[in-house]
Structures are given as C-alpha cells and as structure tokens.
Amino acid sequence: MKILKFGGKSLQTGDPLNKTIEIIKEESKTGAIAVVVSAIGNSTDQLVHLAKQAFLGVELKALLKEFVVLQNYNTYNLNLDV
C-alpha cells in the first residue's frame, strides 16, 4: 500500500487542490493507497480566530457562515468525479 500525504499549499486553492485530486486518482489506479490530508487552506487559523471571537463575545453567525462556505469544495471548482 502506498501512503499519500498532502497539506499546506497543496490544499490551499482550486488549482493545487485539483492537482492533488488528480494525483490521488492516478495513484489509485496502480494499487491500494491511503490518503492523509491536513485542513484545507488556512482553516486551522480561521478556527482559532473564531474561537478567540467567541471568547470575546462577538456574534459569530456571519463569521461561521463565511467559514462554512469556504469549506465547501464547490468554492474551489474541484472535480471529484471518479
């Protein structure tokens, strides 16, 4: 089994994400694979920011909505068809 690990810049925006997906698709044709990925783009930083805002008592509804939209793979124009 081959293990593929992706993180950082390879998961930041649409083009690198699409390249990552293509690599996974190609590698899966040659045998069993396991894929390890980190959070998309700067998701971790965004979550820390949200936590700090919550601690300060800031209304989070709009901020959470923005975060959820960014987590939706359609935002990045990805091709997830197999």
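Predicted model only: the values in this text are computed from it and were never measured.

Undergrad: Explain the side chain of T20 to me, and be specific about the residues and the numbers.
TA: In this fold, T20 is placed in helix 1 (residues 14-28). Excluding its chain neighbours within four sequence positions, the residues that come into contact with T20 are F6, S10 and L11.

Undergrad: Mind laying out the pattern of salt bridges, listing which residues take part and the relevant values?
TA: Scanning the model with the defined rule gives 3 salt bridges in all. Where K29 meets E26, a salt bridge forms, and the shortest distance between an N and an O atom there is 3.0 Å. Note on K29: relative accessible area 63%, which makes it exposed. According to the relative accessible area criterion, E26 is partly exposed, its value standing at 44%.

Undergrad: Describe the environment of I21, naming the residues involved and giving the relevant values.
TA: One can find I21 in helix 1. I21 sits 11 residues away from S10 along the chain, and the two C-alpha atoms are 9.9 Å apart.

Undergrad: How would you summarise helix 1 if you had to cite specific residues and measurements?
TA: The end-to-end C-alpha distance of helix 1, which contains 15 residues, comes to 21 Å, matching closely the 21 Å that a straight helix rising 1.5 Å per residue would cover. Where helix 1 is concerned, the buried positions are G14, L17, T20, I21 and K25. Down the axis of helix 1, the smallest arc covering the buried residues is 135 degrees, so these residues share one side. Exposed and oriented more than 90 degrees from the buried face of helix 1 are D15 and K19.

Cut-offs and rules
- Residues numbered from 1 in each chain as written.
- Predicted model: local features only at pLDDT ≥ 70, side-chain atom pairs only at ≥ 80, totals over all residues.
- Heavy atoms only, no water.
- Helix = DSSP H or I, 4+ residues; strand = E, 2+ residues; numbered from the N terminus.
- Contact = heavy atoms within 4.5 Å.
- Salt bridge = Lys/Arg side-chain N within 4 Å of Asp/Glu carboxyl O.
- Buried < 20%, exposed > 50% of the residue type's maximum accessible area, 1.4 Å probe, protein only.
- Expected span 1.5 Å × (residues − 1).
- Arc of directions from axis to C-beta.

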